[in-house]
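Fold and contact review
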Amino acid sequence: MPNLGPWEIIIILVVLVLLFGAKKLPDAARSLGRSMRIFKSEVKEMRNDDEQQEQAAIQQAPQAQPQQPYQPQQQYQQPAPQAQPQQQYQQPYQPQPGQNNPGQPQQ
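Rules behind the numbers
Residues numbered from 1 in each chain as written. Predicted model: local features only at pLDDT ≥ 70, side-chain atom pairs only at ≥ 80, totals over all residues. Heavy atoms only, no water. Patch = residues over 30% accessible without salt bridge, like charges linked within 9 Å, V, L, I, M, F, W, Y side chains within 5 Å. Areas by Shrake-Rupley, 256 points an atom, 1.4 Å probe, with all protein chains shown as cover. Salt bridge = Lys/Arg side-chain N within 4 Å of Asp/Glu carboxyl O. Helix = DSSP H or I, 4+ residues; strand = E, 2+ residues; numbered from the N terminus. Lys, Arg positive; Asp, Glu negative; His and termini not counted. Charge placed at Lys NZ, Arg CZ, Asp CG, Glu CD. Buried < 20%, exposed > 50% of the residue type's maximum accessible area, 1.4 Å probe, protein only. Expected span 1.5 Å × (residues − 1).

Residues Leu4, Ile9, Ile11, Ile12, Leu13, Val15, Leu16, Leu19 and Phe20 make up a contiguous nonpolar surface patch of roughly 840 Å² in combined accessible area. Tracing the sequence through the fold places leucine 4 in the segment before α1 (6–20).

And the structure:
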């Protein structure tokens, strides 16, 4: 935007007076000032509301547990294989004479 010098500002003011009239300009400036004041107060209220919501959220949040210093987990190491006890040799099942053999029909 080009720099406005004093002559340009005077020309703009003269055009505004001619368009709106001398009586309406103070009223327009007054209403513009009121609108700006209302806008500033609303922005301030919105900021206060945001801060209050943040504080309420902080108060309602559960209290954090103190952090313990980092302790790296030990890597999982497989235990050394242990010697297994030797099993005694078992003979396969053989029915005694006079007992029923589950694999053969009864006589």
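What follows covers a negative patch on the surface. Taken together, the side chains of Glu42, Glu45, Asp49, Asp50, Glu51 and Glu54 make up a negatively charged region of the molecular surface. Tracing the chain through its elements places aspartate 50 in helix α2 (residues 24–60).

Before going further, it helps to examine the pattern of salt bridges. Inspection of every chain in the model, using the stated rule, returns 1 salt bridge. Between arginine 30 and aspartate 27 there is a salt bridge, with the nearest N and O atoms lying 2.9 Å from each other. One end of the pair is arginine 30 and the other is aspartate 27, both in helix α2 and 3 residues apart, which spans about a single turn. Taking the relative accessible area as the measure of exposure, aspartate 27 reaches 44% and is therefore partly exposed.

This part covers α1. Look at α1: 21 Å from first C-alpha to last across 15 residues, which is about the 21 Å you get at 1.5 Å a residue. Positioned one or two residues after α1, glycine 21 has a phi angle of 90 degrees, which is positive.

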